[in-house]
Amino acid sequence: MTEGKGAFFTGEYRNVFKEYGYSQTEIDKKLNNTWEQLFYGDEDIRFYHAVGKDMGYITDTGNNDVRTEGMSYGMMMAVQMDDKEIFDHLWKWAKTYMWHDSGRYKGYFAWSCVLDGSRNAQGPAPDGEEYFAMALLFASNRWGDGKEPFNYSKQAKNILHEVVHKGEDGGEGDPMWNPENKLIKFIPECDFSDPSYHLPHFYELFSRWGNPEDSQFWAEAAEASREYLKKACHSETGLSAEYAHYDGSPETSRGHGDFYSDAYRVAMNIGLDYEWFKADPWQVEEANKIQSFFADKSGFTKYTLDGKELGKPDYLHDVGLIATNAMAALAGDGSAAQKAVKRFWETPLRTDQRRYYDNCLYFFSLLGLSGKYRIYK
């Protein structure tokens, strides 16, 4: 396991906004107002919806469905904001409608559901499971375990067992991590990855707090992911593909070999990993490269990894990209960092149909840059 000078060891979290001259009053107001808008606000901005007295879901407003991505993101937001009610409502909905209690995907979660809880697909998306597990462990540490399904630590460890051991001893299904190279897959059945799924800072904590028999696996997964990102991110621009092979080369057969929506999260993840663990000096270089690449761009498009523009006809998530570029400032120390943060601070939440993904990334970046995206031990 990593030993270092990050917030996990020191308990100290950077408040980048304050470093750049914003007052604590302004910062707190922006964070709290954004939370209120996303979870309790008007229909044109809110993405959370209560169901009865004890459940709720987050809508992907662009696709009018409920995804494990959004549900697990919402749970992480809720535990960071100390809102146990929202957390429990999201978790109960996910367990009721998305969780598989039998079959090939037993212990996994269907990645997309209709708003009434019926499933659009049975298969899982591994980024949902890793966020579910991390949010549940934080909930256990922050609030304590309750009765099932709110025995958070047990629920997290069950997920972490499945994602590593699924299909062993002749069982049905496939694990979410490749057992040989310790890299997360795009989906369990495939043999390539998604760079934005790589969360070594989560794996460090899984190694410490998860199932003891898998402690070494998660420690190795954290190291493997950090090395993988060095291969997946372009040496000059810092850009990565949405999907990439285990050697880091873009996976092009499905049309996701360029820098586009999924890939925006890599900058956010690198920033948070550096803030929590400071395990890899390369992350400073990477943050500087990607922030420098976007520093002089007034608008965005789709890019090849070496920075060629591919046109704007279907470009969807400007706000999300602004947010994640800013969060890279947790690692970056270049001249472009302050410019990226200022641009983010001055960018409002998105209010149109496609707001879900952008505003999720927006809120995570607010948490990170205000020093409020924390490890709960």
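Residues numbered from 1 in each chain as written. Predicted model: local features only at pLDDT ≥ 70, side-chain atom pairs only at ≥ 80, totals over all residues. Heavy atoms only, no water.

Participant: How do you make sense of helix α9 (residues 215-232) when you look at a structure like this?
Facilitator: Every α-helical turn comprises 3.6 residues, leaving residues that sit three or four positions apart pointing alike. The terminal C-alpha atoms of α9 lie 26 Å apart, and with 18 residues this matches the ideal 26 Å at 1.5 Å per residue to within 8%. Every buried residue of α9 is listed here: S215, F217, W218, A219, A221, A222, A224, S225, R226, Y228, L229 and A232. On its buried side, α9 packs onto α7 (152-165), α8 (200-209), α10 (265-277) and α11 (282-295). (Helix = DSSP H or I, 4+ residues; strand = E, 2+ residues; numbered from the N terminus. Expected span 1.5 Å × (residues − 1). Buried < 20%, exposed > 50% of the residue type's maximum accessible area, 1.4 Å probe, protein only. Contact = heavy atoms within 4.5 Å.)

Participant: What's the story with the packing of aromatic side chains in this structure? I'm lost.
Facilitator: Both the distance between ring centres and the angle between the ring planes are used here to describe each pair of aromatic rings. Applying the stated rule across the entire model yields 49 aromatic pairs. Both rings, one in F9 and one in F277, keep their centres 6.0 Å apart while their planes meet at 80 degrees; by these two values the pair is edge-to-face. Taken together, the residues F9 in helix α1 (residues 7-10) and F277 in helix α10 connect sequence positions 268 residues apart. With relative accessibility at 28%, the residue F9 sits in the partly exposed group. Seen from their ring centres, F186 and Y197 are 5.9 Å apart, and the 20 degrees between their planes marks the pair as stacked. Taken together, the positions of F186 in the loop between α7 and α8 and Y197 in the loop between α7 and α8 put the pair 11 residues apart, joining distant regions of the chain. Here F186 falls in the buried class, since its relative accessible area comes to 17%. (Phe/Tyr/Trp six-rings, centres within 6.5 Å; stacked < 30°, edge-to-face > 60°.)

Participant: It is not clear to me how the pairing of strand β2 (residues 55-58) should be interpreted in this structure. Could you clarify?
Facilitator: Along any regular strand the residues' side chains alternate between the sheet's two faces. Of the two faces of β2, the one holding M55 and Y57 and the one holding G56 and I58 are both buried throughout. By the bridge criterion, 4 bridges tie strand β1 (residues 48-51) to β2 in an arrangement that is antiparallel. Across the sheet, Y48 pairs through a bridge with I58, a residue of β2. As consecutive antiparallel partners, β1 and β2 are separated by 3 residues, and within that stretch G52 has a phi angle of approximately 65 degrees, a positive value. (Pairing = 2+ DSSP bridges.)

Participant: What is the right way to look at the environment of L137 in this model?
Facilitator: The residue L137 is located in helix α6 (residues 126-143) in this model. Each C-alpha atom of the pair L137 and P124 lies 20 Å from the other, and the pair is 13 residues apart in sequence.

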